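Listed below are the residues making up each chain.
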Amino acid sequence: NAGVTQTPKFQVLKTGQSMTLQCAQDMNHNSMYWYRQDPGMGLRLIYYSASEGTTDKGEVPNGYNVSRLNKREFSLRLESAAPSQTSVYFCASSGTPERYQPQHFGDGTRLSIL
Amino acid sequence: AQKITQTQPGMFVQEKEAVTLDCTYDTSDQSYGLFWYKQPSSGEMIFLIYQGSYDEQNATEGRYSLNFQKARKSANLVISASQLGDSAMYFCAMSYTGRRALTFGSGTRLQVQP
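Right, let's walk through the structure included here.

Parameters at a glance
For every chain, the first residue of the written sequence is number 1, and numbering continues from 1 along that sequence. In the order they appear in the text, chains get letters beginning with A and ligands get numbers beginning with 1. Restriction of local features to residues with pLDDT of at least 70 applies here, the model being predicted, together with a cutoff of 80 or more for giving and counting side-chain atom pairs; totals for whole chains, interfaces and linings are based on all residues. In computing side-chain properties, one takes all heavy atoms of the structure into account and sets aside hydrogens as well as water. Note on definitions: a residue-residue contact is assigned when non-hydrogen atoms from the two residues lie within 4.5 Å. By buried area we mean how much accessible surface two parts lose on assembly, using a 1.4 Å probe and totalling the loss over both. Salt bridge criterion: a side-chain nitrogen from Lys or Arg within 4 Å of a carboxyl oxygen from Asp or Glu. Whether two strands pair comes down to DSSP finding at least two bridges between them. Comment: elements are numbered from the N terminus, with helices defined as DSSP H or I runs of at least four residues and strands as E runs of at least two. Every axis corresponds to a line fitted to the C-alpha atoms, with the helix fit spanning only the stretch in contact, and the corresponding angles, defined between N-to-C directions, vary from 0 to 180 degrees. Disulfides are defined as pairs of cysteine sulfur atoms found within 2.5 Å of each other. Relative accessible area decides the class of each residue, using a 1.4 Å probe on protein chains only: under 20% of the type maximum gives buried, over 50% gives exposed, and in between gives partly exposed. Each pair of aromatic rings taken from Phe, Tyr and Trp, with Trp reduced to its six-membered ring, is defined by centres within 6.5 Å and is described as stacked if the planes are under 30 degrees apart, edge-to-face if over 60, and tilted in the remaining cases. Note on geometry: a ring has a charge over it if NZ (lysine) or CZ (arginine) is within 6 Å of the ring centre and within 35 degrees of the ring normal.

Brief notes about the interface of chain B and chain A
Here's step 1: Contacts between chain B and chain A engage 24 residues on the former and 20 residues on the latter.
Here's step 2: Taken together, both faces of the contact between chain B and chain A bury some 1700 Å²; the carbon and sulfur share is 56%.
Here's step 3: Three residues stand out in chain B for area buried against chain A, namely Met45(B), Arg100(B) and Phe104(B), and they jointly supply 30% of the buried area on that side.
Here's step 4: Linking chain B with chain A are zero salt bridges, by the criterion used here.

Printed below as a string of structure tokens:
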């Protein structure tokens, strides 16, 4: 029962470097999400995808891009990392209709930008 | 704007006692969902319980129950017979029409004392 798998679990980057966070789910869910969690705060939505080939911006999309490669995979890319992007990143997926279905989360990626 | 408020940054409870974690929400939507998640120190997000806005009965899942008071816009989590393993951050979250992702509160840190 893998559920939602995120890679990597930890990463340290220098300012200006780029990287892609990977996420895959095996629950046949249509909807997938990327959130970030900063100290002392709840999760904030970066991007959302309702299905393969569709993506929508969330509350904090600046500095990020996403790709919904297929039904299983949803990646998050930082093109030019900034210290303000130091955070814990969570990928999640859910069935539909989304407002009645729990979201299932990966274990998170702890990202530090120096 | 839709908002989730958790007014208790931290709570203490003795092992085997019950504890209530507060959550109030603000929405003009008639159709919405309320969720509680647990985040232990290891960092993962664990879904606990769900309540739909049209559900007439309070949701229960094992030792967890949701005290849903629609007129007061509150959705408090009740944990009965607390265990040491219940020590964690607890987040209340809401979904509603037009926003497929979750809006999270800032969380309550629960510490269970032996």
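Read on, since the account is not over.
Some details on the sheet that holds strand E8 (residues 74–78) of chain A
Residue and element names in this part refer to chain A.
Here's step 1: Reading across from one edge, E1-E3-E8-E7 is the order of the four strands in this open sheet, with antiparallel pairing throughout. Each of the sheet's edge strands pairs with one partner strand only, and the pair in question is strand E1 (4–7) and strand E7 (64–68). Direction aside, the axes of adjacent strands within the sheet are offset by 15 degrees on average.
Here's step 2: Pairing between E7 and E8: five bridges, direction antiparallel. Across the sheet, Tyr-64 pairs through a bridge with Leu-78, a residue of E8.

As for the state of the cysteines
Here's step 1: One pass over the structure, following the stated rule, counts two disulfides over all chains.
Here's step 2: Each disulfide pairs two cysteine sulfurs, and for Cys23(A) the partner residue is Cys91(A), the sulfurs being separated by 1.9 Å. Across the disulfide from Cys23(A) to Cys91(A), rotation about the S-S bond amounts to roughly -75 degrees, and the bridge is consequently left-handed. Of this pair, Cys23(A) sits in strand E3 (residues 19–25) while Cys91(A) sits in strand E9 (residues 87–94); the two residues are 68 residues apart in sequence, bridging distant segments of the chain.
Here's step 3: The exposure class assigned to Cys23(A) is buried, which follows from its relative accessible area of 4%.
Here's step 4: Paired through a disulfide, Cys23(B) and Cys92(B) show a sulfur-sulfur distance of 2.0 Å. Here the S-S torsion is close to -65 degrees, and the disulfide linking Cys23(B) with Cys92(B) is therefore left-handed. You can see Cys23(B) sitting in the loop between strand E3 (19–21) and strand E4 (24–26) and its partner Cys92(B) sitting in strand E10 (residues 88–96), a full 69 residues away along the chain.
Here's step 5: Cys92(B) sits in the buried class, given a relative accessible area of 0%.

Re the packing of aromatic side chains
Here's step 1: In the structure shown here, the tally under the stated rule is 14 aromatic pairs over all chains.
Here's step 2: With a centroid separation of 4.9 Å and 45 degrees between ring planes, the pair formed by Phe35(B) and Tyr50(B) is classed as tilted. Of this pair, Phe35(B) sits in strand E5 (residues 32–39) while Tyr50(B) sits in strand E6 (residues 46–52), and the two are 15 residues apart along the sequence.
Here's step 3: In textbook terms, an aromatic cluster arises when at least three aromatic residues are bridged by ring pairs, as seen for Tyr33(A), Tyr35(A), Tyr48(A), Phe90(A), Phe105(A), Phe35(B), Tyr37(B), Phe47(B), Tyr50(B), Phe91(B) and Phe104(B).
Here's step 4: Here the basic side chain of Arg63(B) rests over the ring of Tyr64(B), its NZ or CZ set 5.7 Å away from the ring centre.

With respect to the pattern of salt bridges
Here's step 1: Across all of its chains, the model carries six salt bridges over all chains by this definition.
Here's step 2: Between Arg36(A) and Asp38(A) there is a salt bridge, and its shortest N-O distance comes to 2.9 Å. Of the two residues, Arg36(A) and Asp38(A), both sit in the buried class.
Here's step 3: Residues Asp86(B) and Arg63(B) are paired through a salt bridge, measuring 2.8 Å at the closest nitrogen-oxygen approach. Placement of Asp86(B) in the loop between strand E9 (74–79) and E10 and of Arg63(B) in the loop between strand E7 (60–61) and strand E8 (64–69) is noted, with a sequence separation of 23 residues between them.
Here's step 4: Asp86(B) gets classed as buried once you look at its relative accessible area, which sits at 1%.
Here's step 5: Exposure remark for Arg63(B): the relative accessible area of 23% places this residue in the partly exposed category.

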